[in-house]
Amino acid sequence: MSEKLWRKNLINIEPYVAGEQPKNENIIKLNANENPYPPAPAVAEVLAKKDIFDLKKYPSADAVPLKAALAERYGLKAENVFCGNGSDDVLATAFRAFFNSDKPIFYPDITYSFYPVWCELLKIPYETKPVDGDFLINVKDYYPENGGVVIPNPNAPTAIGVGKDFIVDLLEHNRDCIVIIDEAYVDFGRYSCVELIEKYDNLIVTQTFSKSRSLAGMRIGMAFAQPELINYMQAVKDSYNSYPLDQLAIETAIASLKDEEYFRETVGKVKATRDRSAAAFREMGFTVTDSETNFLFVKHPTIPAEEIFSYTREKGIFIRYFKKPVIDRWLRITIGTDEEMDKLISAVRELIESR
Ligand SMILES: *Cc1c(COP(=O)(O)O)cnc(C)c1O
């Protein structure tokens, strides 16, 4: 076979691998950090009442009505808000807009596995900073000069969050680069740093409708920052990706934001189920990190994680196992309904007792 010289110029990329999406309806799916409850009832109403003649029209190019609704919900101005197709799009846009230094960007070694994918794709130099034996992030690792910082708070897949002191410390030691705090799980956690964007002109906070608002299928994410940064992100999005949020995404997101009571109720239920499930796993001998998210990160002292993963999978319950250094003895379990968690806990107990 003749050598194809063009091959050496092809993109070399290892794509992000998402949790399996099984076809079987009876599967209990606890592997993608999706919400077990439906979106707010007003979302169904929007979809039922949608005038299909509207679909002839292009959506608002920069999601103007949603920016206004988000600004109101978070006590900001519309100029402080950027919207994208899921926070993955928002984060990728921020990486493109702000990480153009020769110096490496810093993020934890155990974290959301999309960050290295974007760095490779966009040729951004990066350096990961090791978390400690308890998966805690050491803020001092982020003091040296760098090309930017990304920290998820709470972190994934460890489920561990940090408080205001950590974020302020981080920002005080990083005045000359952009700091991104990825708050995908913050609604289940203790501290959101959106309040700090007023003081720190280099801070970007990203959030999503995928987890706490049950709208992963709609692809809606946002960033909060000072207007100058938002304008840069909007310019990047409008340059390379002319796929704004679609009409249904904008309208369902606004409907979701209006039902604060439903939001609080479902987030509260997930947190209660989480804390109860964490106790059950600890009682079965697992180490469980203190979760501030809608998932648990657990390790059994003797039974290999992969074996638990395969066993529950056989029973039709999908959880997440990462065959990766440092975390390959751990499992990430999305919080389902109480009933789903009880089935999982029974299956795991059965496995423990059978050995
Ligand atoms: C789920 C997740 C996201 C992205 O979610 P979208 O569905 O793209 O909004 C971003 N960061 C972390 C840490 C996540 O877990």
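Residues numbered from 1 in each chain as written. Predicted model: local features only at pLDDT ≥ 70, side-chain atom pairs only at ≥ 80, totals over all residues. Heavy atoms only, no water.

Per an unreviewed UniProt entry, the protein carries the name Histidinol-phosphate aminotransferase and comes from Ruminococcus albus 8. Per UniProt, the protein carries the Catalytic activity (unreviewed entry) text "L-histidinol phosphate + 2-oxoglutarate = 3-(imidazol-4-yl)-2-oxopropyl phosphate + L-glutamate". The UniProt entry for the protein carries this comment under Cofactor (unreviewed entry): "pyridoxal 5'-phosphate". (UniProt positions renumbered as here; feature names shortened; annotations may be inferred.)

## Let's talk about the sheet that holds strand β12 (residues 320-321)
Within a sheet, each strand pairs with its neighbour through backbone hydrogen bonds, oriented either parallel or antiparallel. With antiparallel pairing, the four strands of this open sheet are ordered in space as β9-β10-β13-β12. Across the chains shown, the open sheet's two edge strands, defined by having one partner strand only, are β9 (287-288) and β12. (Pairing = 2+ DSSP bridges. Helix = DSSP H or I, 4+ residues; strand = E, 2+ residues; numbered from the N terminus.)

## Considering unusual backbone geometry
The residue after Asn 153, namely Pro 154, is reached through a cis peptide bond having omega -5 degrees. For Pro 154, the position within the fold is in the loop between β5 (148-152) and α5 (164-172). Following Ala 156, the chain continues to Pro 157 via a peptide bond in cis, the omega torsion being 0 degrees. Tracing the backbone shows Pro 157 in the loop between β5 and α5. The phi torsion at Asn 33 lies on the positive side, around 55 degrees, for a residue other than glycine. In this structure, Asn 33 sits in the loop between β1 (28-29) and α1 (41-49). Positive phi, close to 55 degrees, is recorded for Ser 214, a residue that is not glycine. In this fold, Ser 214 is placed in the loop between β7 (203-208) and β8 (221-224).

## Brief notes about the environment of Ser 291
Counting through the fold element by element, Ser 291 comes out in the loop between β9 and β10 (295-299). Along the primary structure Ser 291 and Ile 160 are separated by 131 residues, whereas in three dimensions their C-alpha atoms are 5.6 Å apart. The residues contacting Ser 291, other than those within four sequence positions of it, are Ala 159, Arg 274 and Leu 296. Within polar-contact distance, the side chain of Ser 291 engages the side chain of Thr 293 at 3.0 Å. (Contact = heavy atoms within 4.5 Å. Polar contact = N/O pair within 3.5 Å; in protein donor to acceptor, adjacent residues only side chain to side chain.)

## Digging into the environment of Pro 325
Inspection of the secondary structure assignment puts Pro 325 in the loop between β12 and β13 (331-334). Sequence-wise, Pro 325 and Glu 172 are 153 residues apart; in three dimensions their C-alpha atoms are separated by 32 Å.

## So, the sheet that holds β5
Reading across the sheet, the seven strands line up as β2-β8-β7-β6-β5-β3-β4 and stay open at both edges, with mixed pairing between neighbours. The open sheet has two free edges, formed respectively by β2 (81-84) and β4 (126-129), since each of these has just one partner strand. The average undirected angle you get between the axes of adjacent strands in this sheet is 20 degrees. Sheet topology note: the β7/β8 ladder contains four bridges and is antiparallel. Paired with Thr 208 across the strands is Gly 221, a residue of β8. (Axes fitted to C-alpha atoms, helices over the stretch in contact; angles between N-to-C directions.)

## A few points about the state of the cysteines
By the definition in use, this model includes zero disulfides. Take Cys 177: it sits in no disulfide, and the sulfur closest to it among the cysteines is that of Cys 119, at 14 Å. As a non-bridged cysteine, Cys 193 has Cys 177 as the owner of its nearest cysteine sulfur, 14 Å distant. Its relative accessible area of 0% is what places Cys 193 among the buried residues. (Disulfide = S-S within 2.5 Å. Buried < 20%, exposed > 50% of the residue type's maximum accessible area, 1.4 Å probe, protein only.)

## Focus: the nonpolar core
Ranked by internal contacts, the top residues of the largest apolar core, which has 85 residues, are Leu 66 and Phe 281. Among the domains, domain 1 (2-39 + 261-354) and domain 2 (57-259) are the pair contributing at least three residues each to this core. The residues contacting Phe 281, other than those within four sequence positions of it, are Phe 286, Val 288, Leu 296, Ile 333, Leu 344, Ile 345 and Val 348. Core analysis: the next-biggest nonpolar cluster, separate from the first, contains 28 residues, Ala 92, Ala 97, Trp 118 and Leu 229 among them. (Core = buried A, V, L, I, M, F, W, Y, C linked by side-chain atoms within 4.5 Å. Domains from an automatic or database assignment.)

## A word on the site of the ligand
Around the ligand, the surrounding shell consists of Gly 86, Ser 87, Asp 88, Leu 91, Tyr 112, Asp 182, Ala 184, Tyr 185, Thr 208, Ser 210, Lys 211 and Arg 219. At a separation of 2.7 Å, a nitrogen atom of the ligand approaches a polar side-chain atom of Asp 182. Contact distances for the ligand include 2.6 Å between an oxygen atom and a side-chain N or O atom of Ser 210. Burial of the ligand by the protein amounts to 93% of the accessible area it has alone, namely 390 Å². Among the cavities detected, the one that contains the ligand is the largest pocket. The element contributing the most residues to the shell around the ligand is helix α3 (residues 86-98), with four residues. Across the shell around the ligand, the residue classes tally to four nonpolar, four polar and four charged. (Near = heavy atom within 4 Å. Areas by Shrake-Rupley, 256 points an atom, 1.4 Å probe, with all protein chains shown as cover. 1 Å grid on protein atoms, 1.4 Å probe; cavity = no way out; pocket = protein on both sides within 12 Å on 5 of 7 lines; lining within 4 Å. Sits in = over half its atoms within 2 Å of the grid points. Nonpolar A, V, L, I, M, F, W, Y, C, P; charged D, E, K, R; others polar.)

## Considering the side chain of Arg 213
Its location among the elements puts Arg 213 in the loop between β7 and β8. For Arg 213, the contacting residues outside a window of four places in its chain are Pro 39, Arg 73, Ser 256, Leu 257, Glu 260 and Phe 263.

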